[in-house]
Amino acid sequence: MEKFAYAEEAALYEEAITDGMASTVVAASKAECYWQQRDLKKAAKWYALVVKDEPTPEQILHYALSLKSIEQYEEADAWLERYEMVHTDDRIDNKHGFL
């Protein structure tokens, strides 16, 4: 049920972007929707827009892990290094169980 809610939300963000409301906030929301659906190829596409601005450590981590999932290892490693430099909360690592 929750996964469907994220899919529906992603569709709404797509409409907002089509209507010219593309912003970092919309891109971040869309990236998170795809992250929650485990559509990491689409998540990486949207996180790529998010990280151009001022991403949170969690957004950087999600972007890096999305890149790894689509086998863009070198770029993913660079973003994981950046994540290690900026994150201050070890709970993020444990929350996702990826690192």
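Residues numbered from 1 in each chain as written. Predicted model: local features only at pLDDT ≥ 70, side-chain atom pairs only at ≥ 80, totals over all residues. Heavy atoms only, no water.

This brings us to the packing of aromatic side chains. Inspection of the entire model under this criterion finds one aromatic pair. Look at Tyr63 and Trp79: their rings are 5.3 Å apart centre to centre, the planes differ by 70 degrees, and that puts the pair in the edge-to-face class. Within this pair, whereas Tyr63 is found in helix H4 (residues 57–69), its partner Trp79 is found in helix H5 (residues 73–86), the two being separated by 16 residues in sequence. Each member of the pair, Tyr63 as well as Trp79, carries the same accessibility label: buried. The ring of Trp35 carries the charged tip of Arg38 above its face, separated from the ring centre by 5.6 Å. (Phe/Tyr/Trp six-rings, centres within 6.5 Å; stacked < 30°, edge-to-face > 60°. Helix = DSSP H or I, 4+ residues; strand = E, 2+ residues; numbered from the N terminus. Buried < 20%, exposed > 50% of the residue type's maximum accessible area, 1.4 Å probe, protein only. Lys NZ or Arg CZ within 6 Å of the ring centre and 35° of its normal.)

What follows is about the environment of Glu71. Among the secondary structure elements, Glu71 is positioned in the loop between H4 and H5. For Glu71, a relative accessible area of 59% puts it in the exposed group. Sequence separation between Glu71 and Lys41 is 30 residues; the distance between their C-alpha atoms is 10.0 Å.

What follows deals with H4. Residues three or four positions apart in an α-helix share a direction because the helix packs 3.6 residues into each turn. Counted at 1.5 Å a residue, the expected span for H4 with its 13 residues is 18 Å, and the 18 Å between its end C-alpha atoms agrees. For H4, the complete set of buried residues consists of Gln59, Ile60, Leu61, His62, Tyr63, Ala64, Leu65, Ser66 and Leu67. (Expected span 1.5 Å × (residues − 1).)

Let us now look at the nonpolar core. Grouped burial of nonpolar side chains is what soluble globular proteins tend to show. Membership of the largest hydrophobic core comes to 22 residues, with the highest contact counts inside it found for Trp35, Ala43, Tyr47, Tyr63, Leu67 and Trp79. Elements that contribute at least two residues to this core include exactly helix H2 (24–37), helix H3 (40–50), H4 and H5. The contact partners of Tyr63, leaving out residues within four places of it in the chain, are Ala44, Tyr47, Ala48, Val51, Glu75 and Trp79. (Core = buried A, V, L, I, M, F, W, Y, C linked by side-chain atoms within 4.5 Å. Contact = heavy atoms within 4.5 Å.)

Relative orientation and spacing of two packed helices are given, respectively, by the angle between their axes and the distance between those axes. Contact pair H2 / H3: the axes reach a minimum separation of 8 Å and the direction vectors enclose 160 degrees. By the angle between their directions, the pair H2 and H3 is classed as roughly antiparallel. The element H2 and its partner H3 pack so that their crossing is left-handed. When H2 is examined against H3, the residues Thr24, Ala27, Ala28, Lys30, Ala31, Glu32, Tyr34 and Trp35 are found in contact with a partner set consisting of Leu40, Lys42, Ala43, Trp46, Tyr47, Leu49 and Val50. Of the residues in the contact of H2 with H3, the class split is eleven nonpolar, one polar and three charged. (Axes fitted to C-alpha atoms, helices over the stretch in contact; angles between N-to-C directions. Parallel < 35°, antiparallel > 145°, perpendicular 65-115°, else oblique. Left-handed = near helix turned anticlockwise from the far one by under 90°. Nonpolar A, V, L, I, M, F, W, Y, C, P; charged D, E, K, R; others polar.)

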